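The residues making up each chain are set out below.
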Amino acid sequence: MFNKLFIQNFKCFPQLELPLSDLTILAGANASGKSSVIQAILMAYHTSLNHENIIDTSSALEIAVGNPSTLISQNPIKIDKGDFFIGLSEPSGKSEIYYFIDKLSPLKLFCEKNEESPKSRLFYLNAERMGPRLSYPTMRDDTILSDGSNAAYLIDRADIEGRTVPGYLLPDPSLTSFSACVEQWMDAILGDVNLSVSTNLIQATADIRYGNALAEHGVLPTLTGFGISYILSIVTIGLWCASEKNSVLIVENPEAHLHPSAQSNIGKFLELVSSCGVQVIIETHSEHVIDGVRLQAALLKNTENVMIHFFSCNNKKISTKQIHLNPNGELSQWPEGFFDQKSLDLRELFQIRRQNANK
């Protein structure tokens, strides 16, 4: 697992050292640095595995970034060499990478790195996941794509491989297939969901049908809401990672398109994935996801392995606060701006009520 991220002069961070735990939550306002942390991890991981010294930034970050000079902090500090630095440490060692913009070829990003490569395998689901489609591409059969588009195919593939789901993620020992575990967790998170998957290898597509108590026959994903399709990729990759060793799973905005109860349930699910040996990193704007993690961690007596980083921007500087859980799942601190909007809105509504009562 990754235990610390080091950043110098990357995007909004002139300098940052961020410890990482078994389950790490990144929370905070928009444009406060959460995505930059994830992109730094992706960049370091991609670079460490790349045998070339020229980096394709769009491939590493899986987004178009244009000129790589945009990755350099606008308020840089003096560093040993290069334009920016990213380090990613594991118990076995630390990957250290210096990045350089070529003055003669400004569209190229070069790197200089040590020989240490990550021992963990990284899986990543971004916030812009594929929604309902008539069918889905098969694509790779060894990892989920960052938009989750090949999740349906991986379910079928896992059944063929005979992948088994470990520990807390298999509460019903009678379940004999990976797809049955996916269906059970979809049902547990969303309520009353069943599914069937079939793969057409000639057309390289996978079809999925969803059903419930109101649908005698399964229906196309396009006839259901976005939440079901969005959550399928998270459940699939969570179980897939749990069936492997040394996996790291990054999920952006797992709460997207979900009802608050389902948001809490996906938090519980990801904590259970973490308890099965997968390092989980979550970026979220949902207090319900965090509450689900807190509750499940307290039930498992696993709260010491959960860490929350709260990001905020004050006086044109990004600050981070570490929040820990006590054995009861309670937060070690509640910084200003940390999911306090409900209290602020209720206070304002109360003031309006008092004003109207006095008229």
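Residues numbered from 1 in each chain as written. Predicted model: local features only at pLDDT ≥ 70, side-chain atom pairs only at ≥ 80, totals over all residues. Heavy atoms only, no water.

**Some remarks on the overall build of the chain**
Alright, step 1. Scanning the chain for helices and strands turns up eight helices and 16 strands.
Alright, step 2. The dimensions of the chain, computed from C-alpha atoms along their principal axes, are 75 × 65 × 35 Å.
Alright, step 3. Contacts in the chain between residues at least 24 apart in sequence constitute 61% of all its contacts with a sequence separation of at least 6.
Alright, step 4. Roughly 17,300 Å² of accessible area belongs to the chain as shown, and the carbon and sulfur atoms make up 50% of that amount.
Alright, step 5. Within the chain, one finds 29 positive and 39 negative side-chain charges whose respective centroids are separated by 8 Å. (Helix = DSSP H or I, 4+ residues; strand = E, 2+ residues; numbered from the N terminus. Contact = heavy atoms within 4.5 Å. Areas by Shrake-Rupley, 256 points an atom, 1.4 Å probe, with all protein chains shown as cover. Lys, Arg positive; Asp, Glu negative; His and termini not counted. Charge placed at Lys NZ, Arg CZ, Asp CG, Glu CD.)

**Description of the packing of helix α6 (residues 260–275) against helix α7 (residues 287–299)**
Alright, step 1. In contact at an axis separation of 7 Å, α6 and α7 are set at 45° when each is read in the N-to-C sense. If you check the angle between α6 and α7, you find them oblique. Crossing of α6 over α7 shows right-handed handedness. Within the contact between the two elements, α6 uses Pro260, Gln263, Ser264, Ile266, Gly267, Lys268, Glu271 and Leu272 and α7 uses His288, Val289, Gly292, Val293, Leu295, Gln296 and Ala297.
Alright, step 2. Along the lines of polarity and charge, the residues of the contact of α6 with α7 split into seven nonpolar, six polar and two charged. (Axes fitted to C-alpha atoms, helices over the stretch in contact; angles between N-to-C directions. Parallel < 35°, antiparallel > 145°, perpendicular 65-115°, else oblique. Left-handed = near helix turned anticlockwise from the far one by under 90°. Nonpolar A, V, L, I, M, F, W, Y, C, P; charged D, E, K, R; others polar.)

**What to know about the layout of surface pockets**
Alright, step 1. As a volume, the largest pocket reaches approximately 420 Å³.
Alright, step 2. Contributions of two or more residues to the lining of the largest pocket are made by α1 (34–49), α2 (57–61) and β8 (121–125).
Alright, step 3. A breakdown of the residues in the lining of the largest pocket according to their chemical character gives nine nonpolar, five polar and three charged.
Alright, step 4. There is about 290 Å³ of room inside the second largest pocket.
Alright, step 5. Forming the boundary of the second largest pocket are 16 residues, of which Cys12, Pro14, Lys316, Lys317 and Ile318 lie nearest the centre. (1 Å grid on protein atoms, 1.4 Å probe; cavity = no way out; pocket = protein on both sides within 12 Å on 5 of 7 lines; lining within 4 Å. Points joined across faces, edges and corners; volume = space filled by probe spheres on them.)

**A few points about the pairing of strand β6 (residues 93–101)**
Alright, step 1. Two elements, strand β5 (residues 84–90) and β6, share seven bridges in a ladder whose sense is antiparallel. The residue of β6 that forms the bridge with Glu90 is Gly93.
Alright, step 2. In textbook terms, the turn of a hairpin is the stretch between consecutive antiparallel strands, and for β5 and β6 this stretch comprises two residues.
Alright, step 3. Relative to strand β7 (residues 109–113), β6 runs antiparallel, the two being bridged by five bridges. Its bridge partner being in β7, Phe100 is matched across the sheet by Phe110. (Pairing = 2+ DSSP bridges.)

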